[in-house]
Amino acid sequence: MKTILLGIESSCDETSASICIDGKVMNNIIATQSIHKEYGGVVPELASRAHQKNIILVVDSALKGAQIKLSDLSAIAVTQGPGLLGALMVGYSYAKSLAFALNIPFINVNHMKAHILAHFIETPAPIFPFLCLTVSGGHTQIVKVDSAIDMVVLGSTIDDAVGEAFDKGAKLLGFPYPGGPQIDKYAASGNPDRFPFSESQIKDLNFSFSGIKTSLLYFLRDHLKKNPTFIEENIEDICASYQKHLISMLMKKLVSAAGKTGIRQIAIAGGVAANKELRKQLKLLSQKHNWTSYIPEFEYCTDNAAMVAISGHLYFQNDSFGNLTDAPKPRMTFENEK
Ligand code: KG4
Ligand code: ZN
C-alpha cells in the first residue's frame, strides 16, 4: 500500500500544502501573503487572518494537483513550531481536525528540522552525519544532523538571525519587506570590497549580527549628511559590501564546524540559502576543503510545505506520531519537542 502524506505549513507568512507519495513530493502549493509589504515586516494578526482565508484553497489545490482524495491520505504532517502562535494555530488546528475526521495519524514537524530535511526531496540526498547551516528570517544555526530525527545544534545566533540582518539592512536602504532578495539582486552588480563593515568576533560556533546592522545604520547616517542621494548613487556597492560581510561571518563558522567535527558533508537550508552569493561561496569553499555540498532548489529554501511533507514521510517510517491533545509550540527548539 502507498504511503500518502499531506504536509501543511503556516508558521509565518506563507500558507502552503504539499502531497508526498512514497517519499516523492508531488507538488508544493504556496499562497504568499503580500499584505505585509506595506508594514515593513510580518504583522501576526494579518498573517493569521490570511492563513484562514488560504488554508482550504491550498490544501484543495495540492490534493487535486496530485489526483488524491482525502480518503487516500495515510497521515497529515503539520508544522508545530517555531513560529507565530496565531499563524501556527490555523494550520495546526486544521490538520488535527482533518486527521481526527479521517481517523488517520497526524505528525508534528519542527519547522527548523523541516528546512534541513528539504534535502531529502531530491537526489542525491546528504549522507548522515552531515552539517547544515540553517539560515532564515528567525534562525541562524549550524546543526549536526545524525538522522532525520536526531539533530544537535552546534552553534546559533546570540541576537539577530542573518535573514533579519538582511531584512533590517534592506529596510535602511529603503527596500520593502522582505528585503533580503533585493540586497541579493543589487549586490550582483556591485563591488563587495568598496565599503568595509566590521564583522563580529563571537566565540565558539555562535553568531552575532546586530553589530553589523548598526554599523550600516551609522555608515548611512554619516554619508547621507554629506550627500542626500548617497544611497541611490551607491546602492549596488553598498548591497555587495554588506552582503559580503554577512556571508563571510557564516562561512568562517562553517569552516570551523567542519574542522572541529571532521564532517565533510555540508548543506545549507532556510530562506537565506536562496542567496546567490552564499550559494557561490559554499561551492568555492567545498572545492577548497574537499567537501561535498548540498544546496536546495530555490523553491525549497524559503518556507514551503514540501519540506513538511517529506519530514512527515520520514517520521511516518519511524512511527513518530502526534497526540490529538498536542498544541502548537511557538518557541519550539530541538530540545523541547516532546
Ligand atoms: O525560511 P524563511 O522563508 O522563513 C523563516 O522561517 O524565517 O526565510 C525568510 C528569510 C527572510 O529574511 C528573507 O529576506 C530571506 O530569507 N531571503 C533572502 C533571500 N531570499 C530569502 N536573503 C538573502 N538573499 C535571498 N535571495
Ligand atoms: Zn522558515
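Refer to the structure presented above.
Residues numbered from 1 in each chain as written. Chains lettered and ligands numbered in written order. Predicted model: local features only at pLDDT ≥ 70, side-chain atom pairs only at ≥ 80, totals over all residues. Heavy atoms only, no water.

Draft legend 1. Local environment of the pairing of strand β5 (residues 75-81). Burial runs high along β5: seven of the seven residues are buried. Alignment of strand β1 (residues 4-9) against β5, held across four bridges, turns out to be parallel. Within β5, the residue paired with Gly-7 across the bridge is Ala-77. As paired strands, β5 and strand β6 (residues 106-110) are joined by five bridges and run parallel to one another. Note on β6: the bridge partner recorded for Ala-77 is Ile-107. After leaving β5, the chain enters helix α2 (residues 85-102) and then returns to the sheet as β6, a path that is right-handed. (Buried < 20%, exposed > 50% of the residue type's maximum accessible area, 1.4 Å probe, protein only. Helix = DSSP H or I, 4+ residues; strand = E, 2+ residues; numbered from the N terminus. Pairing = 2+ DSSP bridges. Right-handed = clockwise from strand over helix to strand, strands pointing away.)

Draft legend 2. Structural context of the packing of helix α4 (residues 162-172) against helix α7 (residues 230-261). Closest axis-to-axis distance for the α4/α7 pair is 11 Å, and the angle between their directions is 165 degrees. Between α4 and α7, the crossing angle belongs to the class labelled roughly antiparallel. In this structure, α4 crosses over α7, and the sense of that crossing is right-handed. Judged by residue contacts, Val-162, Ala-165, Phe-166, Gly-169 and Leu-172 of α4 engage Ile-231, Tyr-242, Gln-243, Leu-246 and Leu-250 from α7. (Axes fitted to C-alpha atoms, helices over the stretch in contact; angles between N-to-C directions. Parallel < 35°, antiparallel > 145°, perpendicular 65-115°, else oblique. Left-handed = near helix turned anticlockwise from the far one by under 90°. Contact = heavy atoms within 4.5 Å.)

Draft legend 3. Fine view of the site of ligand 1. Around ligand 1, a shell composed of 18 residues is seen, among which Gly-137, Asp-167, Asp-184, Gly-271 and Asp-303 lie nearest. The backbone of Gly-163 places a nitrogen or oxygen atom 3.3 Å from an oxygen atom of ligand 1. If ligand 1 stood free it would expose 550 Å²; the protein chains cover 89% of that surface. Among the secondary structure elements, those contributing two or more residues to the shell around ligand 1 are α3 (111-117), α4 and α5 (180-187). When the residues that make up the shell around ligand 1 are grouped by side-chain class, the tally is five nonpolar, 10 polar and three charged. Counting contributing residues, the shell around ligand 1 receives three or more from each of domain 1 (4-117 + 301-317) and domain 2 (126-295). (Near = heavy atom within 4 Å. Polar contact = N/O pair within 3.5 Å; in protein donor to acceptor, adjacent residues only side chain to side chain. Areas by Shrake-Rupley, 256 points an atom, 1.4 Å probe, with all protein chains shown as cover. Nonpolar A, V, L, I, M, F, W, Y, C, P; charged D, E, K, R; others polar. Domains from an automatic or database assignment.)

Draft legend 4. Fine view of the coordination of the zinc ion (ligand 2). Those donors, His-111 (NE2), His-115 (NE2) and Asp-303 (OD), are the protein atoms that reach the zinc ion (ligand 2), and they lie 2.0 to 2.1 Å from it. Counting gaps between the donor residues of the zinc ion (ligand 2) yields the pattern H-x3-H-x187-D. Of the two residues, His-115 is situated in helix α3 and Asp-303 in the loop between β11 (292-294) and α9 (306-317); the sequence distance between them amounts to 188 residues. Taken as a pair, His-115 and Asp-303 share a single burial class, namely buried. (Donors = N, O, S within 2.8 Å, 3.2 Å for Na, K, Ca; no water.)

Draft legend 5. Representation of unusual backbone geometry. At the junction of Gly-81 and Pro-82, the peptide bond is cis and its omega measures out at -10 degrees in the coordinates. Relative to the elements of secondary structure, Pro-82 occurs in the loop between β5 and α2. For Asp-22, which is not a glycine, the phi torsion comes out positive at approximately 50 degrees. Among the secondary structure elements, Asp-22 is positioned in the loop between β2 (14-21) and β3 (24-25). Positive phi values are uncommon outside glycine, yet Asp-319 reaches one of about 55 degrees. Mapped onto the elements of the fold, Asp-319 is located in the segment after α9. Accessibility expressed as a relative area gives 60% for Asp-319, which makes it exposed.

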